[in-house]
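Below are the chains, spelled out letter by letter.
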Amino acid sequence: MFGYPGGNVLPIFDVLYDADIKFILTRHEQGAAHAAEGYARATGKTGVCIATSGPGATNLTTGIANAYMDSIPIVAITGQVKTFVIGNDAFQEADITGITRPITKHNYLVKDIKDLARIIREAFHIASTGRPGPVVVDIPSDIQQQDIEFIWPQEVDIRGYKPTYFGHPGQIKKAVGLIAAARRPIIYAGGGIISSGAHSQLKELAEKIQTPVTMTLMGLGGFSGTHKLSLGMLGMHGTAYANHATMESDLIIAIGARFDDRVTGKLDAFAPHAKIIHIDIDPASISKNVKVDVPIVGDAKNIIGQLLEEIKKTPDTADWLKTIENWKKKYPLKYEETAKVKPQYVIEQIYEATQGEAIITTEVGQNQMWAAQWYKYASPRTFISSGGLGTMGFGFPAAMGAKVGCPDKIIFDIAGDGSIQMNIQELATCVCNKINVKVAILNNGYLGMVRQWQELFYKKRYSYTCLYNPDFVKLAESYGAFGIRVTKKEEVRPAIEKAISTDNVVFIDFHIEPEENVYPMVPAGEAINRMIGGMA
Ligand SMILES: Cc1ncc(C[n+]2csc(CCOP(=O)(O)OP(=O)(O)O)c2C)c(N)n1
Ligand SMILES: [Mg+2]
């Protein structure tokens, strides 16, 4: 449990004093929310954060919105002013159930102590089942002070909330028919693969039907990036071959993905020849952005299992795979190697030094896209990044939560010099709790991704994107962490090795080429095969 105290949660904190709960005091409530998310994404369990009423609760909201957009199971507990002053503009009152209604899967204001146990039970159930998401439980402080006999409900029965877990057999048959007839199929896999634990089934399916797999940012690790059938990520900064394969495909099997605009680009130009099968646990996601031919509502793991049972005739994809192999050879991800410190090189070196076994979190911007492109994620829950909301300041507290959940793993936050300063206060939390995460700051002196857009689309008018930065090494040291500065290419690998072998929180300040860009890039609103730095 990650959190921060205050007047209206004091009764709960008093119980935490000797409760059998590992509690971590963060230095900002936003840090607590993101840490709960990092914990949830690394472990598959529900993360928990707690804050006081008013400003404590509003500080959680960015993390709650982030969890909502990325379907991450967290329960956020907030203190509230006493029931009899709610609505009176009481000290530190904020209507947090009102504020979080559009960014939670569900939320509760506890008005009677008799409901508390049931509500907590339901909150965890709702957060972690169906399409996962954040649930807020707002508890007035007078309710916190009341006594009642503790009865934990064994069963949860919520009218109107009964997720569908298995695909309709008729829809499965239709999908099997389309798969057998396809010649240029692709699987488009999203975060749903990871939340449903469907990675083994996905591998089996891809191999059985010899169909290449492309992943969203949220889906990375759901299918091994080193597998022959992997196309890597698609979309705005996807690989050229993933985007071309998508545009040329005659069948898209979308699993646990939601056709986000960073993936589809210009909607009416998206995959013009493709029939679409869409597998998703949330019926509201289906045909929301793109009209699909065969919707299948249910859990990804179950449905892939059903498909595997029903598929007798597999498609002939030999020519298609040859075409894709050619694209991969001709248009690989690439960067110009120079004597300077290149961000892509830094990430390649982190990949090699950790043998692909680390958990990588990211901030937002160029750092995030390079981390998605240049580290090969072989297994689920090894890549943790803010997808839907794109929250700068997510990566460091998320790394902290991931490390608490997976203490034996090496955790690297691949950060930008801008983003890291948005939750840098969590250095204190990491150091004093010995949460030894490693932070690789790709320091370009810019809000790099915004600068890239200004370079390409605003005539290089760098309006307020140049940063004045602290000395990150001294800053780390002032918190009791270990700092390393890297200004030369040959220092990159030794610094990474040193960070891994150092039994402390480590910041590596990589002074990278300031105006390096992320390519390929699909300009906003263009079709996804119209890439800058992709293929003609
Ligand atoms: C909280 C928040 N504010 C603003 C943005 C808009 N934004 C997206 S990327 C970016 C620049 C990030 O800079 P830095 O962390 O240095 O990363 P770089 O792109 O340089 O790797 C900004 C400002 C955002 N995503 N999140
Ligand atoms: Mg930067």
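Preceding this paragraph is the structure being described.
Residues numbered from 1 in each chain as written. Chains lettered and ligands numbered in written order. Predicted model: local features only at pLDDT ≥ 70, side-chain atom pairs only at ≥ 80, totals over all residues. Heavy atoms only, no water.

1. Some details on the overall build of the chain
A count of helices and strands for the chain gives 20 helices and 18 strands. By the burial criterion, 59% of the 536 residues in the chain qualify as buried. Summarising the internal contacts of the chain: among those between residues at least 6 apart in sequence, 75% fall at separations of at least 24. In the form shown here, the chain has an accessible surface area of approximately 22300 Å², with 52% of it arising from carbon and sulfur atoms. (Helix = DSSP H or I, 4+ residues; strand = E, 2+ residues; numbered from the N terminus. Buried < 20%, exposed > 50% of the residue type's maximum accessible area, 1.4 Å probe, protein only. Contact = heavy atoms within 4.5 Å. Areas by Shrake-Rupley, 256 points an atom, 1.4 Å probe, with all protein chains shown as cover.)

2. Description of the coordination of the magnesium ion (ligand 2)
Coordination of the magnesium ion (ligand 2) by the protein is provided by Asp417 (OD), Asn444 (OD1) and Tyr446 (O), with metal-donor distances spanning 2.1 Å. Coordination of the magnesium ion (ligand 2) draws on donor residues from a single chain, spaced D-x26-N-x1-Y in sequence. Of this pair, Asp417 sits in the loop between strand E15 (411-416) and helix H17 (426-432) while Asn444 is found in the loop between strand E16 (438-443) and helix H18 (448-457), placing the two residues 27 residues apart along the sequence. Judged by relative accessible area, which is 8%, Asn444 ranks as buried. (Donors = N, O, S within 2.8 Å, 3.2 Å for Na, K, Ca; no water.)

3. Notes on the nonpolar core
Residues Ile255, Ile508 and Phe510 are the most contacted members of the largest nonpolar core, which totals 68 residues. Ile255 has contacts with Ile187, Tyr188, Ala189, Gly190, Ile193, Leu202, Leu205, Ile279, Ala300 and Ile304, leaving out every residue within four places of it along the chain. (Core = buried A, V, L, I, M, F, W, Y, C linked by side-chain atoms within 4.5 Å.)

4. Side note on the pattern of salt bridges
For the coordinates displayed, the defined rule picks out 19 salt bridges. Among the ionic pairs, Arg530 bridges to Glu526, the shortest N-O distance being 3.3 Å. Judged by its relative accessible area of 51%, Arg530 falls in the exposed class. When salt bridges that share partners are traced, they join Asp115, Arg118 and Glu122 into one network. (Salt bridge = Lys/Arg side-chain N within 4 Å of Asp/Glu carboxyl O.)

5. With respect to the layout of surface pockets
If you add up the space inside the second largest pocket, you get close to 890 Å³. As for the second largest pocket, its lining consists of 28 residues, of which Ile12, Leu116, Ile120, Ile139 and Phe150 are closest to the centre. Elements with a minimum of two residues in the lining of the second largest pocket: helix H1 (10-16), strand E3 (47-51), helix H5 (116-128) and helix H6 (141-144). Of all the elements, H5 adds the most residues to the lining of the second largest pocket, at five residues. For the lining of the second largest pocket, the class distribution of residues is 22 nonpolar, two polar and four charged. (1 Å grid on protein atoms, 1.4 Å probe; cavity = no way out; pocket = protein on both sides within 12 Å on 5 of 7 lines; lining within 4 Å. Points joined across faces, edges and corners; volume = space filled by probe spheres on them. Nonpolar A, V, L, I, M, F, W, Y, C, P; charged D, E, K, R; others polar.)

6. With respect to the side chain of Ser224
Inspection of the secondary structure puts Ser224 in the loop between strand E8 (213-215) and strand E9 (230-233). Judged by its relative accessible area of 18%, Ser224 is buried. Looking at Ser224, its side chain comes within polar contact range of the side chain of Thr226, at 2.8 Å. Sequence-distant contacts of Ser224, defined by excluding residues within four places in its chain, comprise Ser230, Tyr377 and Ala378. (Polar contact = N/O pair within 3.5 Å; in protein donor to acceptor, adjacent residues only side chain to side chain.)

7. Quick word on the site of ligand 1
Around ligand 1 there are 17 residues in total, and Gln366, Gly390, Asp417, Ser419 and Gly448 lie nearest to it. In this structure, Gly448 approaches ligand 1 through a main-chain N or O atom, which is 2.7 Å from an oxygen atom. In isolation ligand 1 offers 580 Å² of accessible surface; the protein chains occlude 76% of this area. At the level of secondary structure, the elements contributing two or more residues to the shell around ligand 1 comprise helix H15 (366-374) and H18. Among the elements that make up the shell around ligand 1, the one with the highest residue count is H18 (three residues). For the shell around ligand 1, a count of residues per class yields seven nonpolar, nine polar and one charged. (Near = heavy atom within 4 Å.)

8. Some remarks on helix H16 (residues 395-405)
Judged by how many residues are buried, H16 sits mostly within the fold: nine of eleven residues are covered. Along H16, the residues classified as buried are Gly395, Phe396, Pro397, Ala398, Ala399, Met400, Gly401, Ala402 and Lys403.

9. Some thoughts on the packing of aromatic side chains
Evaluated as defined, the whole model comprises twelve aromatic pairs. Ring centres 5.0 Å apart and planes at 80° place the aromatic pair Tyr351 and Tyr375 in the edge-to-face group. Here Tyr351 is found in helix H14 (residues 343-353), whereas its partner Tyr375 is found in the loop between H15 and strand E14 (383-384), with 24 residues between them in sequence. Residue Tyr351 is classed as partly exposed on the basis of its relative accessible area, which comes to 23%. Each ring, one from Phe396 and one from Phe507, has its centre 5.7 Å from the other, and the planes form 80°; the classification is edge-to-face. Here Phe507 lies in strand E18 (residues 506-511) and Phe396 lies in helix H16, a separation of 111 residues in the sequence. A single burial state applies to Phe396 and to Phe507, both of which are buried. (Phe/Tyr/Trp six-rings, centres within 6.5 Å; stacked < 30°, edge-to-face > 60°.)

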